[in-house]
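# Working through the structure, step by step
Chain by chain, the residues:
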Amino acid sequence: MTPVTRQEVLGLYRKIFRIAKKWQSASGQIEETIKEKEYIKNEAKTLFRKNKNVTDPKLIKQCIEECEARIEIGLHYNIPYPRPIHLPPMGLAHKQGRTLRHQEKLRKLSKPIYLKSHDEVS
């Protein structure tokens, strides 16, 4: 990892913890705010620790883009949890029969960048 990339990653890590420190839930309830702050911190720790040994520059860039996208979407919608969007029609239908493989393929193709690591950790 180059020094510039390392600074960028550490900057994102600090930014996430500053966001968590100032976070207010959309409902305004104290319990909900505390729960969401803890989620933000735990998610950041888990994902950054999981990716700490990544050395491929392309993969590092992808992780940085994912992090930035999740930050922007979380701040925009005031929801710290990933938002599954762009699912194709019938993408959430019951998993049964021959269409199961087709539905799984559609889900994989439609997955936004900021949800790639979420399924691996959850």
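Attention here is on the structure that accompanies the text. (Residues numbered from 1 in each chain as written. Predicted model: local features only at pLDDT ≥ 70, side-chain atom pairs only at ≥ 80, totals over all residues. Heavy atoms only, no water.)

### Notes on unusual backbone geometry
Let me state the cut-off plainly: Comment: elements are numbered from the N terminus, with helices defined as DSSP H or I runs of at least four residues and strands as E runs of at least two.
With phi around 60°, asparagine 78 is a residue other than glycine that occupies positive phi space. Considering the arrangement of structural elements, one finds asparagine 78 in the loop between helix 3 (57-77) and helix 4 (99-110).

### As for the layout of surface pockets
Cut-off, in case you're wondering: Site definitions follow a grid-based scheme: protein atoms alone, a 1 Å grid, a 1.4 Å probe that fits but cannot get out for cavities, and for pockets an open set with protein on both sides within 12 Å along at least five of seven lines, plus lining residues having an atom within 4 Å of a point. Grid points are joined across faces, edges and corners, and a volume is the space filled by probe spheres set on the points. For this classification, Asp, Glu, Lys and Arg are treated as charged, while Ala, Val, Leu, Ile, Met, Phe, Trp, Tyr, Cys and Pro are nonpolar and the rest, including Gly, are polar.
There is about 800 Å³ of room inside the largest pocket. Sorting the residues of the lining of the largest pocket by element identifies helix 1 (3-22), helix 2 (30-50) and helix 3 as the ones contributing at least two each. The element that contributes the greatest number of residues to the lining of the largest pocket is helix 3, accounting for 10 residues. Each residue belonging to the lining of the largest pocket can be placed in one class, and the counts come to 26 nonpolar, 3 polar and 7 charged.

### Considering the pattern of salt bridges
What counts is decided by this rule: Every case where a carboxyl oxygen of Asp or Glu lies within 4 Å of a side-chain nitrogen of Lys or Arg is listed as a salt bridge. Exposed residues in this analysis have more than 50% of their type's maximum accessible area, buried residues have under 20%, and partly exposed residues fall in between, with area computed by a 1.4 Å probe over protein chains only.
This structure, assessed with the given rule, holds 2 salt bridges. With a shortest N-O distance of 3.1 Å, glutamate 43 and arginine 70 are connected by a salt bridge. Of the two residues, glutamate 43 is situated in helix 2 and arginine 70 in helix 3; the sequence distance between them amounts to 27 residues. Residue arginine 70 is classed as buried on the basis of its relative accessible area of 16%.

### Digging into the side chain of glutamate 36
Definition in use: When charges are counted, Lys and Arg are positive and Asp and Glu negative, with His and the chain ends excluded.
Looking at the secondary structure, you find glutamate 36 in helix 2. Buried and without a salt bridge, glutamate 36 has lysine 35 as its closest oppositely charged side chain, separated by 7.5 Å.

### Let's talk about the packing of aromatic side chains
As a reminder of what qualifies: Paired rings are identified among Phe, Tyr and Trp, the last through its six-membered ring, by centres lying within 6.5 Å, and are further divided according to the angle between planes into stacked (under 30 degrees), edge-to-face (over 60) and tilted (the rest).
Scanning the model with the defined rule gives 3 aromatic pairs in all. Taking the centre distance of 4.8 Å and the plane angle of 65° together, the rings of tyrosine 13 and phenylalanine 48 count as edge-to-face. Taken together, the residues tyrosine 13 in helix 1 and phenylalanine 48 in helix 2 connect sequence positions 35 residues apart. We classify phenylalanine 48 as partly exposed; its relative accessible area is 23%. Site record: aromatic cluster; members linked through ring pairs are Tyr13, Phe17 and Phe48.

### Quick word on the packing of helix 1 against helix 3
Inclusion rule: Lines fitted to the C-alpha atoms define the axes, with helices restricted to the stretch that makes contact. Angles between their N-to-C directions range from 0 to 180 degrees. Angles are sorted into four bins: roughly parallel if under 35 degrees, roughly antiparallel if over 145, roughly perpendicular if 65 to 115, and oblique for all others. Put simply, a crossing is left-handed when the front helix is turned counterclockwise from the back one by less than a right angle, and right-handed when it is turned clockwise. For this analysis, residues touch if any pair of their heavy atoms sits within 4.5 Å.
Close contact between helix 1 and helix 3 brings their axes to 11 Å; oriented N to C, the two are set at 20°. Taken together, the axes of helix 1 and helix 3 lie roughly parallel to each other. Considering only the axes of helix 1 and helix 3, their crossing is left-handed. Residues Thr5, Glu8, Val9, Leu12, Lys15, Ile16 and Ile19 of helix 1 pack against Ile60, Ile64, Cys67, Glu68, Ile71, Glu72 and Leu75 of helix 3.

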